[in-house]
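Summary of structural features
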Amino acid sequence: MVAMMNHSLFIFITLQLLLIITFPYNTSGQSPASSPAAPVAISAPAPSPSSPPTDIIRILKKAGGFTTLIRLLQTTQVSTQINSQLLNSNGGITLFAPNDNAFQGLKPGFLNSLNDQQKNELIQFHMLPSFVSVSNFDTLSNPVRTQAGADPDRLALNVTSTGNQVNMTTGIVNATVGGTVYTDRQLAVYQVDKVLLPRDFFEAKPPAPAPAPLKAKGSKKKSAEGPADGAADDDKSSAVMIMINGVWGVVVSFIAVLAFAL
């Protein structure tokens, strides 16, 4: 009996050893090894922002000294027009920019005397509808066409270039380009020492033709009846003259007979 129990205990211990050898487990109390971390996705670098669109107001503010011109560009909304043209046109723009000292040289109250249309025309007169570099002013044909219009008398701008010196005249003002404020091969901004005043502001414009007078409704009827009434009056006058002549004839005949009888 004891031998049987010892034999069973031997078998049990043998099985336990086999289990330990076959299925080892961590007896140190350490946690199982963590699963490998998922690979971190490397995002592509953000694209660098494209250059901002050209803003004429930002350019003039950065240059400094163009407060009056900036105010006129904003109130007439020509600044928006310039920015739009630069985005949608390949020809470019050239702007002659009078600084604040140039505007102070105007007659006091001149700008305030202009209406909105004239202020817009004044700014457009300082703009050429194409990009012109300093070295290309001598290629322009006078009178130079500005964005104010093409009237050769009232809106004429003549430009002459000698070396790096550029002069211009409007028939009212002679101005000189003082330097380059900004250029990017699409927009050229040149400082000028005078405000370019077109003759259009100082020459009297021909008066508009007077409207034709309105005809009265009864004019035709009166004109139709007029000759008839005149004819009747003429007939009456003729009858009176015949009567008078007849009376004078009788009187003359009576005098003649009387004289012969005596």
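Residues numbered from 1 in each chain as written. Predicted model: local features only at pLDDT ≥ 70, side-chain atom pairs only at ≥ 80, totals over all residues. Heavy atoms only, no water.

For the protein, an unreviewed UniProt entry supplies the name Fasciclin-like arabinogalactan protein 12 and the organism Arachis duranensis. For the record of the protein, the UniProt heading Subcellular location (unreviewed entry) holds the text "Cell membrane". The UniProt entry for the protein carries the following text under Function (unreviewed entry): "May be a cell surface adhesion protein." (UniProt positions renumbered as here; feature names shortened; annotations may be inferred.)

1. Regarding the overall build of the protein
Counting secondary structure elements, the protein contains 7 helices and 6 strands. In the protein, the succession of helices and strands from N to C terminus is α-α-α-α-β-α-α-β-β-β-β-β-α. Classification of the 262 residues of the protein by burial places 26% in the buried group. Taking as baseline every contact in the protein between residues at least 6 positions apart, the subset at least 24 positions apart corresponds to 64%. When the accessible area of the protein is evaluated, it comes to approximately 18800 Å², of which 61% is carbon and sulfur surface. (Helix = DSSP H or I, 4+ residues; strand = E, 2+ residues; numbered from the N terminus. Buried < 20%, exposed > 50% of the residue type's maximum accessible area, 1.4 Å probe, protein only. Contact = heavy atoms within 4.5 Å. Areas by Shrake-Rupley, 256 points an atom, 1.4 Å probe, with all protein chains shown as cover.)

2. A short note on the sheet that holds strand β3 (residues 158-162)
Pairing is mixed in the open sheet, where 6 strands are placed in the order β2-β1-β6-β5-β4-β3. The sheet is open, and its two edges are formed by β2 (127-128) and β3, each paired on a single side. The pairing of strand β4 (residues 165-169) with strand β5 (residues 174-183) spans 3 bridges and is antiparallel. The residue bridging asparagine 167 from the neighbouring strand is threonine 176, located in β5. (Pairing = 2+ DSSP bridges.)

3. Describing the packing of aromatic side chains
Between two aromatic rings, the relevant description is the distance of the centres plus the angle of the planes. For the structure shown, the criterion picks out 5 aromatic pairs. Ring geometry for phenylalanine 110 versus phenylalanine 201: centroids 6.4 Å apart, planes at 45°, classification tilted. Taken as a pair, phenylalanine 110 in the loop between α5 (100-104) and α6 (116-124) and phenylalanine 201 in the loop between β6 (187-192) and α7 (219-261) lie far apart in primary sequence, 91 residues in all. By the ring-pair criterion, three or more aromatic residues cluster together here, those being Phe96, Phe137 and Tyr190. (Phe/Tyr/Trp six-rings, centres within 6.5 Å; stacked < 30°, edge-to-face > 60°.)

4. What to know about the side chain of threonine 146
Tracing the sequence through the fold places threonine 146 in the loop between β2 and β3. On the basis of relative accessibility, which here comes to 2%, the residue threonine 146 falls in the buried class. When near neighbours in sequence (up to four residues on either side) are disregarded, threonine 146 contacts Gln124, Phe125, Met127, Leu128, Pro129 and Leu157.

5. Things to note about the nonpolar core
Judged by nonpolar contacts, the single largest core of 30 residues is most densely connected at Ile56, Leu60, Leu69, Leu73, Ile82 and Leu111. Contributing elements (two or more residues each) for this core: α2 (56-63), α3 (67-75), α4 (78-88), β1 (93-98), α5, α6 and β6. With near-sequence residues (within four places) excluded, leucine 73 lies in contact with Ile56, Ile57, Leu60, Val78, Ser79, Ile82 and Ile123. Phe125, Val132, Val166 and Leu196 belong to the second-largest nonpolar core, a separate cluster that totals 17 residues. (Core = buried A, V, L, I, M, F, W, Y, C linked by side-chain atoms within 4.5 Å.)

6. Structural notes on the environment of methionine 127
Along the chain, the position of methionine 127 falls in strand β2. Taking the C-alpha atoms as reference points, methionine 127 and alanine 97, separated by 30 residues in sequence, lie 9.0 Å from one another.

7. Section: the side chain of asparagine 99
Structurally, asparagine 99 is set in the loop between β1 and α5. A polar atom in the side chain of asparagine 99 sits 3.0 Å from the backbone nitrogen of alanine 102. With near-sequence residues (within four places) excluded, asparagine 99 lies in contact with Gly65, Phe66, Gln191 and Val192. (Polar contact = N/O pair within 3.5 Å; in protein donor to acceptor, adjacent residues only side chain to side chain.)

8. Regarding the pairing of β3
The pairing of β3 with β4 spans 5 bridges and is classified as antiparallel. The residue bridging asparagine 158 from the neighbouring strand is threonine 169, located in β4. Once β3 ends, the chain turns through 2 residues before running back antiparallel as β4, passing glycine 163 with a positive phi of about 65°.

9. Observations concerning the packing of α2 against α3
Axes are the key here: two packed helices are described by the angle between their axes and the distance separating the axes. Interhelical geometry of α2 versus α3 gives an angle of 170° and a closest axis separation of 10 Å. In terms of their interaxial angle, α2 and α3 are classed as roughly antiparallel. Two packed elements cross with a definite hand, and for α2 against α3 that hand is left-handed. Contacts between α2 and α3 involve Ile56, Ile57, Leu60 and Lys61 from the former and Leu69, Ile70, Leu73 and Gln74 from the latter. Broken down by class, the residue content of the contact of α2 with α3 amounts to 6 nonpolar, 1 polar and 1 charged. (Axes fitted to C-alpha atoms, helices over the stretch in contact; angles between N-to-C directions. Parallel < 35°, antiparallel > 145°, perpendicular 65-115°, else oblique. Left-handed = near helix turned anticlockwise from the far one by under 90°. Nonpolar A, V, L, I, M, F, W, Y, C, P; charged D, E, K, R; others polar.)

10. What to know about unusual backbone geometry
Between asparagine 142 and proline 143 the backbone carries a cis peptide bond, its omega angle lying at -5°. Tracing the chain through its elements places proline 143 in the loop between β2 and β3. A positive phi angle is found at glutamine 77, which is not glycine, with a value near 65°. Locating glutamine 77 in the fold gives a position in the loop between α3 and α4. According to the relative accessible area criterion, glutamine 77 is exposed, its value standing at 57%. One non-glycine residue with positive phi stands out, namely arginine 185, at about 70°. As for its placement among the helices and strands, arginine 185 is situated in the loop between β5 and β6. Owing to a relative accessible area of 75%, arginine 185 belongs among the exposed residues under this scheme.

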